[in-house]
Amino acid sequence: MLRRSAAALFPLAVALAVGSATVAGCSSAAPDRAAGPSAPAATTSASSAPPRPTAPTPTAAPASTPAAPTAAPTSAQAPGQAPVPTVRATVTDGLASPWGLAVLPDGDLLVSERDSGRILRVSAKDGAKTVAGVVPGVVSGGEGGLLGLALSPGFATDHLVHAYLSTAADNRIVRLSYDPGRPAGAQLGDPQALLTGIPHGGRHNGGRIAFGPDGYLYAGTGDASDKPLAQDRDSLGGKILRLTRDGAPAPDNPFPGSPVWSLGHRNVQGLAWDGQGRLWASEFGQDTWDELNLITPGGNYGWPTVEGTAGRPEFTDPVAQGHTADASPSGIAYAAGAVWIAALRGERLWRVQLDGDHAAAPPQAFLSGEHGRLRAVAADRDGTLLLVTDNTDGRGDPRPGDDRILRLTVNGG
């Protein structure tokens, strides 16, 4: 498998004990709970692995040696250097445990609410909210409910919305028609199941879905707190899946007849492609290391045998990693040459500037503690970022007006 030395992405405060269950991003003691800012120190990777393989079976590469620590990242950046996000406006507020986000062709937004099962349309002009409908069959509880959203690549003509949701028995991916011309609350058609049987549990349900530049639908799943599932190629848990628009395994997947694109994941909630079409994914660690991974077809990312960088040829090491107290990463986006990572427990927005397939500089944290838990981030077509808070999910401290969607301008770079 491809292996890289990892940049220390979300560094741990000196006062915290490495490996303690009390600092887990999604551990048995305190799953992705909010924590105060800590004093960071970062390293970057000097290695550059080969480009993403076109063949479905990656090959092993020799181990690389992590670079020595460099200066700690800061929360500000001089003009002309790496891009800096600035909150430009609040798009809307008053959301209840928002999770998924999709940008409609006219710039309005669709937002899923995890616990209510509602999909809302948010006006980009004035933030007004309309209830498109309630997705039937959603059973919320723990980390489950109505999770990720993705528009069909042909949405302009087929008007199809895809959703990842929890039922009483499983997680599944469905698609629904959306007709905004119908009365509010009745704008969604009946859900059609595309893929069922994704393992479901109180925690680690994954949930992010997105269409890739190849036109296939990708889904990040979790191990549902049953760790061996991540290494079981016959299970849909602890994987990144790649599907046709009708929910069948994509024809050139690495394991014939299987929707599995990569395995050995604990809980994937972030998917994004860079300008070269490379897939990046964020992953919750257990007690020590959260991960940012470059995904290769057939790659094994090690869970539960290893967490974070392992230096073992059978596993793919993360490009960047960091302690769970500073991150617990959910949604990610690619913009301005960087992967942007929304942190739940860490309550900050991380930027990992890229140089090809590796980190180009020490990661930086922004907005630390300013808006609480951050669930999702998305790149809008005008070059801005959309940032979704999630302080009403039962683990945060709601503030007046929570939860909200913020619009960020990315300056510099």
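Residues numbered from 1 in each chain as written. Predicted model: local features only at pLDDT ≥ 70, side-chain atom pairs only at ≥ 80, totals over all residues. Heavy atoms only, no water.

Peer 1: Go over the overall build of the protein, please, and point to the residues and values.
Peer 2: Summing up its helical and strand segments, the protein has one helix and 26 strands in all. Counting the 413 residues in the protein, one finds 61% classified as buried. Considering only contacts in the protein between residues 6 or more positions apart, those separated by 24 or more positions represent 61%. Of the roughly 14400 Å² of accessible surface on the protein, 53% is carried by carbon and sulfur atoms. (Helix = DSSP H or I, 4+ residues; strand = E, 2+ residues; numbered from the N terminus. Buried < 20%, exposed > 50% of the residue type's maximum accessible area, 1.4 Å probe, protein only. Contact = heavy atoms within 4.5 Å. Areas by Shrake-Rupley, 256 points an atom, 1.4 Å probe, with all protein chains shown as cover.)

Peer 1: Residues and numbers for the sheet that holds strand β5 (residues 118-122), please.
Peer 2: On the basis of which strands lie adjacent, the open sheet formed by four strands has the order β3-β4-β5-β6 and antiparallel pairing. Taken across any chain shown, the strands that pair with only one partner, and hence form the sheet edges, are β3 (98-103) and β6 (129-134). For this sheet the average axis-to-axis angle between neighbouring strands, irrespective of direction, equals 25°. For β3 and strand β4 (residues 109-113), the ladder comprises four bridges, and the chain directions are antiparallel. Looking at the pairing, Leu101 lines up with Val111 of β4. (Pairing = 2+ DSSP bridges. Axes fitted to C-alpha atoms, helices over the stretch in contact; angles between N-to-C directions.)

Peer 1: Describe the packing of aromatic side chains, and please don't skip the residues or the numbers.
Peer 2: Counting across every chain of the model gives three aromatic pairs. Measuring from centroid to centroid gives 5.0 Å for Tyr218 and Trp273, while their planes differ by 70°, and the two rings are edge-to-face. Of the two residues, Tyr218 is situated in strand β12 (residues 217-220) and Trp273 in strand β15 (residues 268-273); the sequence distance between them amounts to 55 residues. Ring plane angle 45° and centroid distance 6.3 Å describe the contact between Trp340 and Phe366, whose orientation is recorded as tilted. On the criterion of sequence distance, the pair formed by Trp340 in strand β20 (residues 338-343) and Phe366 in strand β23 (residues 364-366) is long-range, its members being 26 residues apart. On the accessibility criterion, Trp340 (0% relative accessible area) is buried. Exposure remark for Phe366: the relative accessible area of 3% places this residue in the buried category. (Phe/Tyr/Trp six-rings, centres within 6.5 Å; stacked < 30°, edge-to-face > 60°.)

Peer 1: Any details on the pairing of β20? Residues and values, ideally.
Peer 2: For β20, the buried fraction is high: six of the six residues fall into the buried class. Neither face of β20 is exposed, since Ala338, Trp340 and Ala342 on one face and Val339, Ile341 and Ala343 on the opposite face are all buried. As judged from the five bridges shared by strand β19 (residues 329-335) and β20, these two strands associate in the antiparallel manner. Paired with Ala333 across the two strands is Trp340, which belongs to β20. The pairing of β20 with strand β21 (residues 349-355) spans five bridges and is antiparallel. Each bridged residue has a counterpart across the sheet, and for Val339 the counterpart in β21 is Val352. Counted along the chain from β20 to the antiparallel partner β21, the turn is five residues long, and its residue Glu347 has a positive phi close to 50°.

Peer 1: Describe the confidence of the model for the protein, and please don't skip the residues or the numbers.
Peer 2: The predicted model of the protein averages 85 in pLDDT, with 80% of residues at 70 or higher. Below pLDDT 50 for its whole length, residues 1-5 participates in 47 contacts with residues either more than four positions away or in separate chains. Ignoring residues within four places in sequence, the model shows residues 27-80, a span with pLDDT below 50, making 142 contacts including any to other chains. (pLDDT = per-residue confidence, 0-100.)

Peer 1: Tell me about the environment of Asp126, residues and numbers included.
Peer 2: Along the chain, the position of Asp126 falls in the loop between β5 and β6. Here the alpha-carbon distance between Asp126 and Asp108, two residues 18 residues apart in the chain, equals 9.9 Å. A distance of 3.0 Å separates the side chain of Asp126 from the side chain of Ser123, its partner in a polar contact. A distance of 3.0 Å separates the side chain of Asp126 from the backbone nitrogen of Ala128, its partner in a polar contact. (Polar contact = N/O pair within 3.5 Å; in protein donor to acceptor, adjacent residues only side chain to side chain.)

Peer 1: Describe the pairing of strand β8 (residues 160-166), listing the residues and the values that go with them.
Peer 2: Summarising burial for β8: seven of the seven residues are buried, a large majority. Note that strand β7 (residues 146-151) and β8 share four bridges and pair antiparallel. Residue pairing in the sheet places Leu149 in a bridge with Ala163 of β8. In the sheet, β8 pairs with strand β9 (residues 171-177) via seven bridges, with the strands oriented antiparallel. Paired with Tyr164 across the strands is Ile173, a residue of β9.

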